[in-house]
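Residue-level structural notes
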Amino acid sequence: MDRESARNWFEHTSDLITEHIDEPEGRVRLFYLSSMADGKVVYSELIPKLRDLCLEESGIEEVARHLGASSSNRVFNEGATIERLLRGHIVIQVAESPYCLSFPSDGTVGRSIQAPEIETVVLGPQIAFVEELNVNICIIRKYMSTPKLFHEQLSVGINIPMDVSILYLSGTADEENVNTVRQRICDLELDSSLDSTILAQHIADNEKSLFPTLQQTERPDRVVHGLRQGQIAILVEGSPFALLGPTTLLQFFQSPDDYYLRWSLATFNRLMRIFAMILSLILTPIYVAALTYHYEMIPADLLLSLAQSRSRVPFPPLWEAILMELIIELLREAGARLPTKVGQTIGIVGGIVIGQAIVQAGFTSNILIIIVALGALSSFIAPSYMIGSTIRVVRFPMILLAGMLGALGIVVGFSFLASHLLRQTSLGRPYMYPIYPVRYSDWKDGFIRAPLSSLSERLKFFTPKRVLRFDRGNAKEKKDIDE
């Protein structure tokens, strides 16, 4: 690649720097993008070494030997050279040579490794993924120092290609799952892929479903645990979130912290999360259905209190409940979009002030304020942000059905919800496993978290090649433990 072709490619780019090492002949040129490459490497290492050579008589082979270049530093076509420049490489070109030399030099500024912000860690490593793909892979390899951790790198995007990495544990992950992920990524014809969350929507089994079928996490320990189970991890350059699949609905209510706690506490936490999900879905619909159609189901003392509380409310229970749910969602969204300190103030003070003002104005009752607050609080218990958001959205059609059909509407809503979930798959695997198909043996790490001594076998959902994770009775004789 000569200067003219480089300028043609970067015609409207002012950060392309060209250095002529052997002025005035200009046989040896050095190209780099000042916004991507480290200038210190250029002027303190490469240029002084090149000037030590007799460049008038040296060819590309002498330059390569003097700089210690290997076969990976050689670039034979213009397209590959442009790609190397865009990745922050420094390219050296000698006149009339069949190839160029490329040396990596990352001068970009990245975010330092910090603790997770979305998936808060109670117990466990205080570390989260960052936007640099190589750093994320390095973090995973530090947890899994084994050559059985396979890493495949693909490129997604026609005009703006992005690196996508697939990681899995060879001998544990099912080849069919790996092939499914690889094929779906390779079949994509996107203009660009900005984030792993966007990629997840493109390769999901059912993009129109509200429920996520791939786990999105910023925690390396969750990814490492999934890889050991037989899942496949997907990482995208520029994204601090990894994808895990295949997955089940129950796994969205599990946290890596469960394995750091005693089994009894972990089991209690899992059951509480599932109970909170159900409570968030049915609490407000039950209130609407009971006040609209089923007064006889309410105890007399509670009915008297409800009547007094709603005596000044001008709206029917259905619109009263929808109004309060919308206000809660507005407060939640405002708290999430505003700066951290201001968002916390809006969430707490705004909820108290607005709730008090609405009750005094007669727009709603005190009891509904309590019910809506409990429902919103229950939706935040889920460790996954995506599943928590899904539950909050599903709550609205459940309220509408309860207001139109009463208890029958709640039953119809749950029937449609169950039918939808039973049809969902994750990379071709049943989404409701181990509820359907029923596998009681996998319930020990589903609804509950059994003692670690009982978790010697991997979940059959992932169809792992190696079922046993450890054998407590014959640990000294069996050395094929892969974790």
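Residues numbered from 1 in each chain as written. Predicted model: local features only at pLDDT ≥ 70, side-chain atom pairs only at ≥ 80, totals over all residues. Heavy atoms only, no water.

With that settled, the discussion passes to the packing of helix α11 (residues 317–337) against helix α14 (residues 385–405). Closest axis-to-axis distance for the α11/α14 pair is 9 Å, and the angle between their directions is 165°. As summarised for this structure, α11 and α14 are arranged roughly antiparallel, according to the angle between their axes. Classified by chirality, the crossing of α14 by α11 is left-handed. Facing L318, A321, I322, E325, L326, E329 and R332 of α11, the residues of α14 in contact are Y385, R392, R395, F396, I399, L400 and G403. Taken together, the residues of the contact of α11 with α14 sort by class into 8 nonpolar, 1 polar and 5 charged. (Axes fitted to C-alpha atoms, helices over the stretch in contact; angles between N-to-C directions. Helix = DSSP H or I, 4+ residues; strand = E, 2+ residues; numbered from the N terminus. Parallel < 35°, antiparallel > 145°, perpendicular 65-115°, else oblique. Left-handed = near helix turned anticlockwise from the far one by under 90°. Contact = heavy atoms within 4.5 Å. Nonpolar A, V, L, I, M, F, W, Y, C, P; charged D, E, K, R; others polar.)

Attention shifts here to the nonpolar core. Among the nonpolar cores identified, the biggest contains 35 residues, and F211, L249, F253, Y287, V288, I387 and L421 are the most heavily contacted of them. Elements with a minimum of two residues in this core: α9 (263–292), α11, α13 (366–379), α14 and α15 (407–423). Excluding residues within four positions of it along the chain, V288 makes contact with P317, L318, A321, I399, A402 and G403. In terms of nonpolar packing, the next biggest core, distinct from the first, is built from 21 residues, V41, V63, Y99 and F103 among them. (Core = buried A, V, L, I, M, F, W, Y, C linked by side-chain atoms within 4.5 Å. Buried < 20%, exposed > 50% of the residue type's maximum accessible area, 1.4 Å probe, protein only.)

Turning our attention to the sheet that holds strand β7 (residues 162–169). Read across the sheet, 5 strands follow the order β6-β7-β9-β10-β8 without closing on themselves; strand pairing throughout is antiparallel. Single-partner strands in this sheet number two, and they are β6 (149–156) and β8 (215–217). On average, each strand axis in the sheet is inclined to that of its neighbour by 25°, with strand direction left out of account. Of the strand pairs in this sheet, β8 and strand β10 (residues 242–245) are connected by 3 bridges, and their pairing is antiparallel. Counted as the bridge partner of Q215 is L244 from β10. The strands touched by helix α5 (residues 133–143) are β6, β7 and β9 (232–236); relative to β7, the strand with the most contacts, the crossing angle is about 10°. (Pairing = 2+ DSSP bridges.)

Its volume calculated, the second largest pocket comes out at about 820 Å³. Taken together, 24 residues make up the lining of the second largest pocket; nearest its centre are M36, L86, R87, D163 and E237. Put simply, the parts of the chain that give the lining of the second largest pocket at least two residues each are α4 (78–86), α5 and β7. Residue contributions to the lining of the second largest pocket peak at 4 residues, all from α4. For the lining of the second largest pocket, the class distribution of residues is 10 nonpolar, 8 polar and 6 charged. (1 Å grid on protein atoms, 1.4 Å probe; cavity = no way out; pocket = protein on both sides within 12 Å on 5 of 7 lines; lining within 4 Å. Points joined across faces, edges and corners; volume = space filled by probe spheres on them.)

All right, on to the environment of T292 then. Its location among the elements puts T292 in helix α9. Among all residues touching T292, those that are not within four sequence positions of it are P317 and G403. Looking at T292, its side chain comes within polar contact range of the main-chain oxygen of V288, at 2.6 Å. (Polar contact = N/O pair within 3.5 Å; in protein donor to acceptor, adjacent residues only side chain to side chain.)

Taking burial as the measure, the 5 residues of strand β5 (residues 100–104) include 4 buried ones, the bulk of the element. Turn length for the strand β4 (residues 89–94)-β5 hairpin, with the two strands adjacent in sequence and antiparallel, is 5 residues, and the turn residue E96 shows positive phi of about 65°.

With that out of the way, let us pick up the sheet that holds strand β3 (residues 74–75). Judged by pairing direction, the sheet is antiparallel, and its 5 strands sit side by side in the order β1-β2-β4-β5-β3 without closing on themselves. Where the open sheet ends on each side, the last strands, each with one partner, are β1 (16–20) and β3. With 2 bridges connecting them, β3 and β5 associate as antiparallel partners. The residue of β5 that forms the bridge with V75 is C100. Contacts from helix α3 (residues 60–67) reach β3, β4 and β5 within the one sheet, and its direction differs from that of β5 by about 20°.

What follows is about the side chain of R429. Along the polypeptide, R429 turns up in strand β12 (residues 429–430). Classification of R429 by relative accessible area gives buried; the value is 14%. Separated by 2.9 Å, the side chains of R429 and D174 make a polar contact. Within the structure, R429 has its side chain in polar contact with the side chain of N177 (distance 3.0 Å). Excluding residues that lie within four positions of it along the chain, R429 makes contacts with D174, E176, N177, P246, Q424, F461 and T463.

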